[in-house]
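Residue-level structure breakdown
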Amino acid sequence: PTPYTADEIRDACPAGRRIVFRIVQKDKTEVLHTIEFLKSDAAGADLRITESEPSGKVLKTGDSHSTWAELMTHAQFPKDQTTITHRTTVSPLGTLDVLVYKVTEGTGPDAEVTTDHFAKKIPGPPITHFTEKNGVRISSSTMESSTLPK
């Protein structure tokens, strides 16, 4: 099962919602990844994705459209490779109750383990996402902020 329904994502992502992630990848420069909901209706949303350096220098920007069902599928994982648990976690957004989706691809030392923390009260992308291989974190994404229109 996905952590949220398409309707829950739609209700949480009105036009004007802005989400900022800090992305860290092994041997790469850290970037900020910003998702802005430009337009939101019953069918889907127009999005603007911006990647920038932590200093604010914009590296790239692109616009796209997604249906709510398409956004929901980003959190669909193979059932036989996924464990789902509940916990409380501390993040830049505060202390939150989360669903933890842990997905293991492969076996033995070559297995890659991806973990997503979905905040129960903040439908949308995971508040943290990280991938490990051989016990070493190779990438992570942390939601730094999630703001709604005033």
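Residues numbered from 1 in each chain as written. Predicted model: local features only at pLDDT ≥ 70, side-chain atom pairs only at ≥ 80, totals over all residues. Heavy atoms only, no water.

1. Here we look at the pairing of strand 7 (residues 112-119)
Each regular strand displays side chains that alternate between the two surfaces of the sheet. Judged by how many residues are buried, strand 7 sits mostly within the fold: 7 of 8 residues are covered. Where strand 6 (residues 94-105) lies against strand 7, 8 bridges are found, and the strand directions are antiparallel. Pairing of Val-103 across the sheet is with Thr-114, part of strand 7. Counting the residues between successive antiparallel strands, the hairpin from strand 6 to strand 7 contains 6 residues, one of them, Gly-106, with a positive phi of roughly 90°. Of the pairings in the sheet, the one linking strand 7 to strand 8 (residues 128-133) comprises 6 bridges and is antiparallel in character. Its bridge partner lying in strand 8, Thr-114 is registered against Thr-131. (Buried < 20%, exposed > 50% of the residue type's maximum accessible area, 1.4 Å probe, protein only. Helix = DSSP H or I, 4+ residues; strand = E, 2+ residues; numbered from the N terminus. Pairing = 2+ DSSP bridges.)

2. A closer look at the nonpolar core
Within the largest apolar cluster, 27 residues are counted, with the highest numbers of intra-cluster contacts made by Phe-37 and Trp-68. Elements that contribute at least two residues to this core include exactly helix 1 (6-12), strand 1 (18-25), strand 2 (31-40), strand 3 (44-52), helix 2 (68-73), strand 6 and strand 7. Per-element tally for this core: the top contributor is strand 6, with 5 residues. (Core = buried A, V, L, I, M, F, W, Y, C linked by side-chain atoms within 4.5 Å.)

3. Here's the deal with the pattern of salt bridges
Applying the stated rule across the entire model yields 6 salt bridges. A salt bridge links Arg-10 to Asp-7; its shortest N-O distance comes to 3.0 Å. Residue Arg-10 and its partner Asp-7 are both found in helix 1; the two are separated by 3 residues, about one turn of the helix. By relative accessible area, Asp-7 is classed as partly exposed at 45%. Connected via shared salt-bridge partners are Asp-7, Arg-10 and Asp-11. (Salt bridge = Lys/Arg side-chain N within 4 Å of Asp/Glu carboxyl O.)

4. Some points on unusual backbone geometry
The phi dihedral of Asp-27 is positive, around 65°, even though this residue is not glycine. When you line up the elements, Asp-27 lands in the loop between strand 1 and strand 2. Positioned with a positive phi, Asn-134 is a non-glycine residue whose angle comes to about 55°.

5. Focus on the sheet that holds strand 1
If you walk across this open sheet you meet the 9 strands as 4-3-2-1-9-8-7-6-5, and the pairing is antiparallel. Strands at the two margins of the open sheet, each flanked by one partner only, are strand 4 (58-67) and strand 5 (82-91). Going from strand to strand, the sheet's axes swing by 20° on average, the running direction of each strand aside. With 9 bridges joining them, strand 3 and strand 4 adopt antiparallel strand pairing. Within strand 4, the residue paired with Arg-48 across the bridge is Asp-63. (Axes fitted to C-alpha atoms, helices over the stretch in contact; angles between N-to-C directions.)

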